[in-house]
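Observations on chain architecture
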Amino acid sequence: MTEQRMKEACKEYARCQQNILSSSAERRMAELDAEAAKAGLRFHMTNEAGYMNPHFIGEPKYELVAISKSKMNTSELRELAVNLGADRKKLYGTSRQSILLIISQLEKEARAAV
């Protein structure tokens, strides 16, 4: 993911967040999350503390940060593996360590394909 694409994705994600009641915005956010996950990134709100204030005026601001797999639970790891191309049904009942190995294999395959 290029630097320019990352900035565009962050702006688009913020626009979708403001229109979260729209089902199309929710779908687009899911698509952007999947695109970021394939690059090993996730969206992080930089002004979350102020945004949660009821008197906040402005828009949410996001940045893409690297995913820390060691802090993810099994469900989040499973979702990441599915975004990278794994079969969801085959991942149920799989240990956390095995899912981490599957993710690393899928990331290597994705880098080799590029």
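Structure first, text after, so check above.
Residues numbered from 1 in each chain as written. Predicted model: local features only at pLDDT ≥ 70, side-chain atom pairs only at ≥ 80, totals over all residues. Heavy atoms only, no water.

Brief notes about the pattern of salt bridges
- Scanning all chains against the criterion turns up 6 salt bridges.
- Here Arg5 makes a salt bridge to Glu35, at a shortest N to O gap of 2.9 Å. With Arg5 in helix α1 (residues 3–18) and Glu35 in helix α2 (residues 23–38), this pair connects stretches of sequence that are 30 residues apart.
- What makes Glu35 partly exposed here is its relative accessible area of 28%. (Salt bridge = Lys/Arg side-chain N within 4 Å of Asp/Glu carboxyl O. Helix = DSSP H or I, 4+ residues; strand = E, 2+ residues; numbered from the N terminus. Buried < 20%, exposed > 50% of the residue type's maximum accessible area, 1.4 Å probe, protein only.)

Some remarks on the packing of α2 against helix α4 (residues 74–84)
- In contact at an axis separation of 9 Å, α2 and α4 are set at 85 degrees when each is read in the N-to-C sense. Between α2 and α4, the interaxial angle falls into the category roughly perpendicular. Along its contact with α2, which presents Ala34, Ala37 and Lys38, the element α4 presents Leu80, Asn83 and Leu84.
- Taken together, the residues of the contact of α2 with α4 break down into 4 nonpolar, 1 polar and 1 charged. (Axes fitted to C-alpha atoms, helices over the stretch in contact; angles between N-to-C directions. Parallel < 35°, antiparallel > 145°, perpendicular 65-115°, else oblique. Contact = heavy atoms within 4.5 Å. Nonpolar A, V, L, I, M, F, W, Y, C, P; charged D, E, K, R; others polar.)

A short note on the pairing of strand β1 (residues 41–45)
- Burial along β1 is one-sided: Leu41, Phe43 and Met45 are buried, while Arg42 and His44, pointing the other way, are not.
- Looking at chain direction, β1 and strand β2 (residues 62–66) are connected through 5 bridges and run antiparallel. Bridge pairing links Arg42 to Val65 in β2. (Pairing = 2+ DSSP bridges.)

Looking at the environment of Gln105
- Along the chain, Gln105 falls in helix α6 (residues 96–113).
- A residue is classified by how much of its surface remains accessible, and Gln105, at 46% relative accessible area, is partly exposed.
- Placed 95 residues apart in sequence, Gln105 and Cys10 show a C-alpha to C-alpha distance of 27 Å.

So, to be careful, I would describe these as geometric facts and stop short of saying anything about function.
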